[in-house]
Each structure stands twice: as C-alpha cells, then as structure tokens.
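Letter by letter, the chains look like this.
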Amino acid sequence: MARYNPKEIEPKWQKRWEEARAFLTSTDRSRPKYYVLEMFPYPSGRIHLGHVRNYSMGDVVARYKRARGFNVLHPMGWDAFGLPAENAAMQTGAHPATWTYSNIEHMRAELKEIGLAIDWSREFATCDVRYYRWQQKLFLDFWRAGLVERRESYVNWDPVDMTVLANEQVIDGKGWRSGAAVERKKLSQWFLKITDKADDLLAALDDGRLMGWPDNVRVMQRNWIGKSKGLRMKFRFAAGTTPPNGSREIEIYTTRPDTLFGASFVAVAPDHPLAQSFADDAKVAAFIADCQKAGTSQEAIDKAEKKGFRLPLDVEHPFIDGKTLPVYIANFILMGYGAGAIFGCPAHDERDHEFAKKYRLDIIPVVLPEGEDPLTFSAAEKPYLGPGALYNSGFLDGLSVDAAVDAAIARIESMGLGASATQYRLRDWGVSRQRFWGCPIPAIHCGKCGVVPVPEGDLPVKLPDVDASVFKTPGNPLDRIPEWRNVPCPECAGPARRETDTFDTFVDSSWYFARFATNPASWDAGPVDREDVDYWLPVDQYIGGVEHAILHLLYARYFSRAMKDAGHLSVEEPFANLFTQGMVTHVTYKDADGKWLFPDEVVLEGGNARRADDGSPVTIGAIEKMSKSKKNVVSPQEIVAKYGADAIRWFILSDSPPERDVEWTDAGAAGAWKLVARIWDTVESAKGLMKAHDLSAPPASADMALRRATHAAIAGVTDDIENFRFNKAIARLYEFLNVLKRVEGADAWTRAEALSALVRLIAPFTPHLAEECWETLGGNGLVCDAPWPTADGALLIRETLNLPVQVNGKRRGEVSIGADADAKAVEAAALGDPDVRRHLEGLTVRKVVVVPGRIVNIVAN
RNA sequence: GCGGGCGUGGCGGAACUGGUAGACGCAACGGACUUAAAAUCCGUCGGCCGAAAGGCCGUGAGGGUUCAAAUCCCUCCGCCCGCACCA
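What counts as what
Residues numbered from 1 in each chain as written. Chains lettered and ligands numbered in written order. Predicted model: local features only at pLDDT ≥ 70, side-chain atom pairs only at ≥ 80, totals over all residues. Heavy atoms only, no water. Helix = DSSP H or I, 4+ residues; strand = E, 2+ residues; numbered from the N terminus. Polar contact = N/O pair within 3.5 Å; in protein donor to acceptor, adjacent residues only side chain to side chain. Contact = heavy atoms within 4.5 Å. Near = heavy atom within 4 Å. Nonpolar A, V, L, I, M, F, W, Y, C, P; charged D, E, K, R; others polar. Buried < 20%, exposed > 50% of the residue type's maximum accessible area, 1.4 Å probe, protein only. Pairing = 2+ DSSP bridges. Salt bridge = Lys/Arg side-chain N within 4 Å of Asp/Glu carboxyl O.

A. Representation of the side chain of E123. Along the chain, E123 turns up in the loop between α4 (96-114) and α5 (129-144). Of note is the side chain of E123, whose polar atom sits 2.8 Å from the side chain of W78. Once residues lying within four places of it in the same chain are set aside, the contact partners of E123 are M76, G77, W78, I104, R108 and W523.

Printed below as a string of structure tokens:
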C-alpha cells in the first residue's frame, strides 16, 4: 500500500481546481445565492494559525453550500493600508507599497497552500488605486448627501504614531497600536455622521434584522451606542452673578429630572465654554490644566478623586423660589457627553455623593425606598439608586420615579426651560488620519472658496510617488510634498492646497464586501455594480474574530446605510449572519532567565521541558493566545510541510467548538494526520468500488446496519455543518469510520455507498484527500463539484429500540421493543424485564412513566 | 461598578434543550507485530467497594422543583469577556 503523501497530492489537486476554474463565481442566477465571507487579512507578512482557523471555517461553509447547489461567492482580498507599512518603511527603508505588495504575494501563496475554495479572480487590495478611487467617489457622494462634516474638535493624539485615534482606538488611555499615552489636541477633522444613524443602528439590533448575529456582539453594540433618554434643561444664573462670557443660563443634561428637588450643585466639564470663559483667572486656569493633565488611563480614572472648583456663580432652582445652587468646574464631567454640564443630586448618584461629601454640600433625599420611614431615612452614608416614591419634592411628592421623571420633564417644558432629549454615547466617526499610507481624502482647501470637493472628473487622487527615505522623518510625508500638495482651486483656480489627511483604514474595510460582490469586469465603472450587489448582498455568512465586534462591524453597518442613502445599495444590514470564532492558543515557555522561548526551542520529556540547545530547565507557562511577544507561535507552513493542509484544517476544526478558543498541540496535529492516513488506507483498499456499483438503488442484500450508519452520518454531519458545530461533525465522521471498520465483511455495494458518502462528507474539511479518494474510488469528475449526499429518512428510523428502564430514577435495565409499540406494551415489557423485576422485589409499583422513544421510569416504594 | 458568558474525567469536549452523563479525539496504561524503534493493530481508561456479577457515589458548593436535573429555580464560590466618572 502506498503511503499517502500530501506533499504531492495537495499541490496536484490545487492545480486541477485551478485548471478546472472550479471556484470561479458563477453568473448563473437561477440557483439560490450564498455569499460566504471571512474578514479579510491585513498583509502583515505571514499567515498565522488564526487565519487558518478563520478561513478553514469559511471554506467548509463555502464547499458545503456549493455541494448543496447554491451559487456561492467566496472571495479574498487584503486590508492593505495602515500604519505597519509606514513603520516598516521607517525601519527597513522599503516603500510601504513595496512592503505591502510583497507581503501580499507571500501570503497569497500561503493561503493557496491551504486549499481554499476561493474565487481569486475577485482579489484586490484596498491600497489598489482601482479600489480606493471609488472610495473617494463614495466619500464625495456622502458629502453631497450631508453625511460628512468637517469640524474642529479635540482629538486623541498618539504622540508616537503621530496620528489621531478614534475613541474606539484608545484603550485604557493608550493608543491601540503604539501603546503610548494618548494626548488631547485640537484639530480640524473630517467626520462621518454616524450618530445620525444611531437610532436605526440600535433598532436593527433588536427588531429581527440581526437575528443571525451572536447575542454578545449585539449587546456590545447596544452598549456602545449607549442610548439614554432624559432632559436637556437650562438653569438661569442668579441675580448678581454673571460669567465673563455674558451668558445668562447654563444648559445641562440629566436622566434623573425626578431628583431635581434634591439638587445641591451644578457642575461643568473643564472644557466647557463656561469654564473656559474664566481662563483669565490664574486659579481657574491652573485647575483646568490640572484636570487635563490627569491621565485617562484606567488606573488614573479609578484612583481619581472627584475634584471641583467653585466658580463665583450661582443658579436659580427652577422649582424652588429663592433657592440657588453653587456652580463648579468638576473633573468628572465629560464635555463630550450630553451638555458637558450636570446638576448634582448627591442623595441619588454615586459621583455626586462623593463630590458632595468632599465639598460639604447638602444631601437631600427625595426618593424614599419602599418600607422606609421618611423621618429616619437618610442618604448621608451612601446614595440610594433604586426605585421608590418621591418626597421632599413639592408637586412630585408621592409619584413613582418613572412618573416623576415624566412630570418633571412636562413642568420644565411648560416653563420653557428645556425639553426631553435622547443622548447617545456613540460619537461621530472621525475618519482623518495624518498618515501617508491611506486613501487620500478628496478635498481641497482654498483661501477664498473654503473646503472644496475634488471634482469627480479629477479622481482618483493618487498617492504621490515618493522615495522611501521620506518615512524617516516623523509625521505625514504628504505635508512635505509641495508639488503634490499645491493645486489650483477647482472653483476659482486660485492657489489652493490638497487635504493631506488620509482615511482611517476602517473606512477601507467598511465596503469591501460590496466590492467583492461586484463582477471585476465592472470594477472601473463605479464603486459597485448595483445589479450585482442587489443579487449578492447581504453577505449570508460572515466569519471573523470577536475583536471586531464593535469597531469594524458597526462602521460597516453604518456604511451600508450611507451607501444606501447615496443609491449604491439596497440593504442597510450588510451581514445577515455573523459568526465570531475563538482564538488559537498555545502553551508558553520560559527559560531560567525568564525569557520567552519558541516551541521549537523546547524539548518535552514527560511532564517536564528543557531547552533544546543546552538542556537547561524550562518553565511551562499558561496557555495563551498565540503572539509574537510570547513566542508561543507555530507557523502554518511548518505544519503544512509536515502533515499537509488537510491535517491542519482537520485538527483546527476538530478540537473545540468554533466560537471557543482552541489550543494548538503537536499531538493533536499528529492525530489529525493519522486520521488522514487512516481514511486513505480504507479507501485505497476499495479502489474502483464506486465505479463498480450502481448506487442509485440498493440491492436486496445490502447490509442494513452499515446503511443505517451511513445515513445517520450524512444526516448528522449535515446538521452539524448547518449549525457551525464543526467539532461535532468531525466526531461523527470518526464514529462513522469506526463503524466502517467494524463491518468490514459488509457487501461491496453497501461499502461503496458508505465510502461515496464518507468522501463527500469529508470534502469540506479535507478537500485534497477527498479528491484523491474520489478519484481512487472511481467517482465522476471532481468531488468539489459532486452533490452533497442526502440521507434516506427511512433509514434513520429504527425498527426496534433499546429503551432504558429506570426504577425510581435509577437505570436498572433495558428492553428491546418495536418502535411502534404503544405505551402499554412498553410498560409491560419494562415490568417484565428480569433486571427490573429484581429491583422491584418487595416494592409496590405506584406509577410508570413512559416517554415514547426515550425512557421508562417506574416509581415504586 | 454595570452588562454578557462559563464551571462536566488527566486534557479538549459530547449529552437530541428535562429523559441511559462522559460520544469523539488527545494523553496514559496493557498487549500483538518487530532484533529494536517508529508506524500500525487490539484492549483498558470518572471515583470507591468487589475475584466477579453487581452496587454505591459523581457534572464548582449548598438547597429546591420534578417520576426524572449537567440542563429549570434560589443562595453562595470561582473563572473569562466587553464597557466603564455617559449624568
């Protein structure tokens, strides 16, 4: 018997697929469509096992759906703009484009080795002019449609990467890439008005449009959007107190207008115009500076004391004549949320309580918890946040919290002091980045005409050709290329300059799925082909890491809405079903000096580990996500070279449920390789068996036990793939294989049927092996074109059942009985079973529960 | 702090959503083949008692509902993820 050699067999079939153009997207629109998409990779240079897991899952779905007769779109491309290319340029002196495209070359070859059923004719990189020119066009469309805004704002400035970060890219006060402490800086920025769509982005999470999304992702997005309903209202300054800016009143936002009678102060953010208007006062300026200096890191926030600065201002209480409240600048008020100002009710808010205690302000309880005595109840020690009845509250007395909220809003509205308002935590999406390696924002700044869009006829705005040496200087090289930057104004033809900001790369990845859906023949005619995208979208199955639960997925959802508004799409939700897969983990190793070691620097012996070179002891550490810094990485190339792509695909899907983390182990990979060899041995000994039999109708002599196992495997694997339970599908295939081995004496026809099914069932997981087996057995054509096997329902129904019998809930015996036996017959059989009778000795049967087809329980005492 | 999730053999995990707990794989152990090893094949593999048949216990802990609980309810304990001064 020839040993299975993946090194020869896998490239052979990859070549055959390519020659047969097996995975080109069909234009046949008579069949139902199925669009499978995995989040496209950033071309960092190498494929890692996380990619392999992601793309293997998508490939199983794609191949399975093809076999089920769907017209499948399964594309691949590159999220190719971004900082690492510029960092590489700085370090190695290679131009970002050179670096990026050479990485793509390399990674494409690596992906092809995995044997993915991808239509490579639709491949593109987001840094291709052919792609990003249409992104510029989309932006101009959005601009025209009023979805774009340019405004001055404080931005999160990453001093190491020298760029602006979105709020979402600031993690614990640090830049998500550089890890540097983020600073605040005021800049003119381009914004996409995602908050205009906040309501619909939120509504779709719950109204059934995203039923195919995991709950946790929907929850995360809901929290991120952070809708709250409340009241925007004004407090008038008390007579004799006026701020330097001359304003008469201050606007605040609250979700607890019911607690207005418990108000004891008003506070504004350090950035608030009111606070800023006192900036000439050295003490105020010092306080504000102090607030801004305080880090935004997690630790800083946790430790930060509530601090306030008492302004020489008071406001009138809206409901209580003659009562005034002091006004503070407070460090815990955020300018970016609500009105950047609040009223404080210390009795019913944690932060206000802390603040009031520090500055000895009144703590007036106005909500009485049920069962408390109004005369003795106090919130002096800690604020009360729960429900109750209003008291100490004039016209609100006796109302519930909810009713009081409404009543207070109504009163403020009738007084002309404010109106109910909805607030979102979500901010508009700042898309400007001060980087070279991104899509240029198509705008021109003219001293006379202001900010002017680049005329569509002048698109694309291409990145200039630059020498790689320009990246040695920090900052944005686009600022330093006058011949690119200086252009005539498109409106007045006077001297003007180009926008030198480029788009956040999340813009690039917000519409790539629509581009893939467009036939490449139409790629130069527009961003998308309307007919194509209307046919293919939404993506039927999107697969990727949960780390994109908020940013990428929210932006893409927004972009679909914007594209719909601009007339490019018909769907607002781009991804009908989302699957978030777990990470690939591996044990970590450290040597005696505490240095991380690569797995291949370590030798394992029993439960111990030593260094491969000098034999010194190694500590086996935690199982963690594979990362370069911890060196617990295994390269897919090595595994492919050792065991082949099929084994790697099989193992990475077999060991854990796909949504959970999977631990990569050498033993597991070796086990998968054994499985490949085992299937091959089984098939090779049955060479030509399929060709020798007409499988359309079973002969009378067919082995029923094997036929049942075959059809149970078909039904089970089908169900498991449909439900993304790849680990269970694989377990069933092992079971089936075990049966196949046990019944080696079965007749040839039934064995042919079994193997024909087996090979098609493994094809989505181990496609090369499946092709080789299919050919060996004498199947027609390629197995990737073969129809999915169908289970014969009649063979799934057992004629006789083995029913367990319990006595008082404990299993005591088993009866074999016809599947059609009625409850009486089952009961009689159960009571007649010798094992059962033994356990019933001396007892009186009180009740017999028969669960049809499942179990019998006899209650006796 | 708020929100979400999870706890099952030595390990990854099954258990048809209340019906035989531990499928399948990995590891381990025993055996066959071999000069030997690798590979392969056969077998054992939750704990305790027992020679065996069999019995008792067992799904983080404790309680409850039910003929029947890993699954539902309550109270704890532990772990993971997301958000976090959002008024």
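What follows continues from the structure just given.
B. Up close: the protein's contact with RNA strand B. Contacts to RNA strand B come from 48 residues, most closely from T255, K306, R351, K728 and R854. Considering the 4 Å shell around the protein, atoms of RNA strand B inside it are sugar or phosphate in 59% of instances. Contacts to RNA strand B include R425, whose side-chain N or O atom sits 2.7 Å from a phosphate oxygen. Looking at the surface near RNA strand B residue by residue, the classes come out as 20 nonpolar, 11 polar and 17 charged.

C. Expanded view of the environment of S570. Mapped onto the elements of the fold, S570 is located in the loop between α17 (551-565) and β25 (578-581). Along the primary structure S570 and Y535 are separated by 35 residues, whereas in three dimensions their C-alpha atoms are 9.9 Å apart. If sequence neighbours within four positions are ignored, S570 has contacts with R530, D534 and K564. A polar atom in the side chain of S570 sits 2.8 Å from the side chain of R530. Engagement of the side chain of S570 in a polar contact is seen with the side chain of D534, the distance being 2.7 Å.

D. Main features of the pairing of strand β10 (residues 265-268). Judged by which residues are buried, β10 turns out to be covered on both faces: F265 and A267 on one side and V266 and V268 on the other are all buried. Judged from the four bridges that link them, β10 and strand β13 (residues 341-344) form a sheet pairing that is antiparallel. Note on β13: the bridge partner recorded for V266 is F343.

E. Geometry of the sheet that holds strand β4 (residues 163-165). Ordered by their spatial adjacency, four strands build an open sheet running β4-β3-β7-β17, and the pairing between neighbours is antiparallel. Here the strands that pair on one side only, and so sit at the sheet edges, are β4 and β17 (429-430). The pairing of strand β7 (residues 183-192) with β17 spans two bridges and is antiparallel. Bridged to L192 within β17 is W429.

F. Here's a closer look at the pattern of salt bridges. In this structure the tally under the stated criterion is 57 salt bridges. The residue R29 makes a salt bridge to D532 at a minimum N-O spacing of 2.8 Å. Of this pair, R29 sits in the loop between α1 (6-19) and β1 (33-38) while D532 sits in helix α16 (residues 530-536), placing them 503 residues apart in sequence. Taking relative accessible area as the criterion, D532 reaches 8% and is therefore assigned buried.

G. Geometry of unusual backbone geometry. Between L459 and P460 the backbone carries a cis peptide bond, its omega angle lying at 0 degrees. Its place among the elements puts P460 in the loop between β20 (450-453) and α13 (482-485). Residue L537 is joined to P538 through a cis peptide bond whose omega torsion reads 0 degrees. Looking at the element boundaries, P538 is found in the loop between α16 and β24 (541-545). One non-glycine residue, R360, lies in positive phi territory at about 55 degrees. Its location among the elements puts R360 in the loop between α11 (350-359) and β14 (367-368). Non-glycine residue A493 carries a positive phi angle of around 65 degrees. Overall, the relative accessible area of 58% leaves A493 in the exposed class.

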